[in-house]
Amino acid sequence: EWFEVEVSRGGEVHHMEFERGKTIQKLHVIGKAKGTGTLITFMPDTEIFRETIEFKADRISQRLRELAFLNSGLEIIFRDERQADAKPEVFYYKDGTEEFVKQLNKSKTPLHPKPIAFRKETKEKNDDKDIEVHCEIVLQYNDSYQEQIFTFANNINTHEGGTHLIGFKAALTRTLNDYARKN
């Protein structure tokens, strides 16, 4: 039904409002900002969400935790305001995906203490537009026999894999085999 956004950036707080998909208040400055961040508040539209507008706090919490892992240094605060005494959940992971991998291995015995991490950022041109490409790979072997692989593209879990996973597995296997042959 309505949607409001406040963005703190460049020393100013910017505000914008929408109702039923239409701009009600254009982007304007409403004050001075001490830091940076974004606050979004909204009421779902029952004309669009006809079956239910009931939110599942545990599902939202899980997704926000995932986003905080994937975006190192990003702090996300979630408060379920349906409960008067609910304490806000804070999701913040300085080392992002490395902390995610450590958490996945918490109940296992890692074969090396620190996860192996690779990061690469590049800028490419596509149709005369600059596109930033960020690639991050974090892995840690453990004592279990079952592999656990999570892949993401654009912060979305690609749980069925894809060409990025196929290419990674082939490159990793080839690299480990070449190393083993030479050493």
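A brief structural summary.

Let's talk about the sheet that holds strand β3 (residues 22-32)
For step 1, the next point in the chain: What the four strands build is an open sheet, ordered β3-β2-β1-β4; its pairing is antiparallel. Looking at the sheet topology across the chains shown, the edges are occupied by β3 and β4 (37-43). Ignoring strand direction, the axes of neighbouring strands in this sheet form an average angle of 15 degrees.

A word on helix α2 (residues 96-104)
For step 1, the next point in the chain: All buried positions along α2 are accounted for by G96, T97, E98, F100 and V101.
For step 2, the next point in the chain: On its buried face, α2 sits against α1 (57-70), β7 (116-126) and β8 (129-139).

Details of the nonpolar core
For step 1, the next point in the chain: Membership of the largest hydrophobic core is limited to eight residues, which are L64, A68, F69, I76, F78, F91, Y93 and F100.
For step 2, the next point in the chain: In terms of residues, this core owes the most to one element, α1, which gives three residues.
For step 3, the next point in the chain: Ignoring sequence-local partners within four residues, the contact set of F100 consists of F69 and F150.

A short note on unusual backbone geometry
The general pattern is negative phi for most residues beyond glycine and trans for most peptide bonds.
For step 1, the next point in the chain: Despite not being glycine, N154 has its phi angle at roughly 55 degrees, a positive value.
For step 2, the next point in the chain: Looking at the secondary structure, you find N154 in the loop between β9 (152-153) and β10 (156-157).
For step 3, the next point in the chain: The backbone of N155 sits at a positive phi, close to 65 degrees, despite the residue not being glycine.
For step 4, the next point in the chain: Of note, N155 is situated in the loop between β9 and β10.
For step 5, the next point in the chain: Given a relative accessible area of 29%, N155 falls into the partly exposed group.

Considerations on the pattern of salt bridges
For step 1, the next point in the chain: The tally for this structure, following the rule as stated, stands at twelve salt bridges.
For step 2, the next point in the chain: For E81, the salt bridge identified is with R79, shortest N-O distance 4.0 Å.
For step 3, the next point in the chain: With a relative accessible area of 46%, R79 lands in the partly exposed category.
For step 4, the next point in the chain: Across the pair K169 and E147 runs a salt bridge whose closest N-O atoms are separated by 3.2 Å. Of this pair, K169 sits in helix α3 (residues 163-182) while E147 sits in the loop between β8 and β9; the two residues are 22 residues apart in sequence, bridging distant segments of the chain.
For step 5, the next point in the chain: Classification of K169 as partly exposed rests on a relative accessible area of 35%.
For step 6, the next point in the chain: Since its relative accessible area comes to 55%, E147 is described here as exposed.
For step 7, the next point in the chain: A cluster of three or more residues bridged by salt bridges with shared partners is formed by E98, K114, R119 and E136.

Examining the packing of aromatic side chains
For step 1, the next point in the chain: Taken as a whole and judged by the stated rule, the model has five aromatic pairs.
For step 2, the next point in the chain: The interplanar angle of 75 degrees and the centroid separation of 6.0 Å between the aromatic rings of F42 and F55 together place this pair among those described as edge-to-face. Residue F42 is located in strand β4, and its partner F55 is located in the loop between β4 and α1; the two are separated by 13 residues in the primary sequence.
For step 3, the next point in the chain: Judged by centre distance (5.5 Å) and plane angle (70 degrees), the ring pair of F100 and F150 falls under edge-to-face. On the criterion of sequence distance, the pair formed by F100 in helix α2 and F150 in the loop between β8 and β9 is long-range, its members being 50 residues apart.
For step 4, the next point in the chain: You can call F150 partly exposed: its relative accessible area is 36%.
For step 5, the next point in the chain: Taken together, the ring pairs connect F69, Y93, F100 and F150 into an aromatic cluster.

What counts, and where the lines are drawn
- Residues numbered from 1 in each chain as written.
- Predicted model: local features only at pLDDT ≥ 70, side-chain atom pairs only at ≥ 80, totals over all residues.
- Heavy atoms only, no water.
- Pairing = 2+ DSSP bridges.
- Helix = DSSP H or I, 4+ residues; strand = E, 2+ residues; numbered from the N terminus.
- Axes fitted to C-alpha atoms, helices over the stretch in contact; angles between N-to-C directions.
- Buried < 20%, exposed > 50% of the residue type's maximum accessible area, 1.4 Å probe, protein only.
- Contact = heavy atoms within 4.5 Å.
- Core = buried A, V, L, I, M, F, W, Y, C linked by side-chain atoms within 4.5 Å.
- Salt bridge = Lys/Arg side-chain N within 4 Å of Asp/Glu carboxyl O.
- Phe/Tyr/Trp six-rings, centres within 6.5 Å; stacked < 30°, edge-to-face > 60°.

From the geometry alone we can't say anything about function, so treat these as descriptive.
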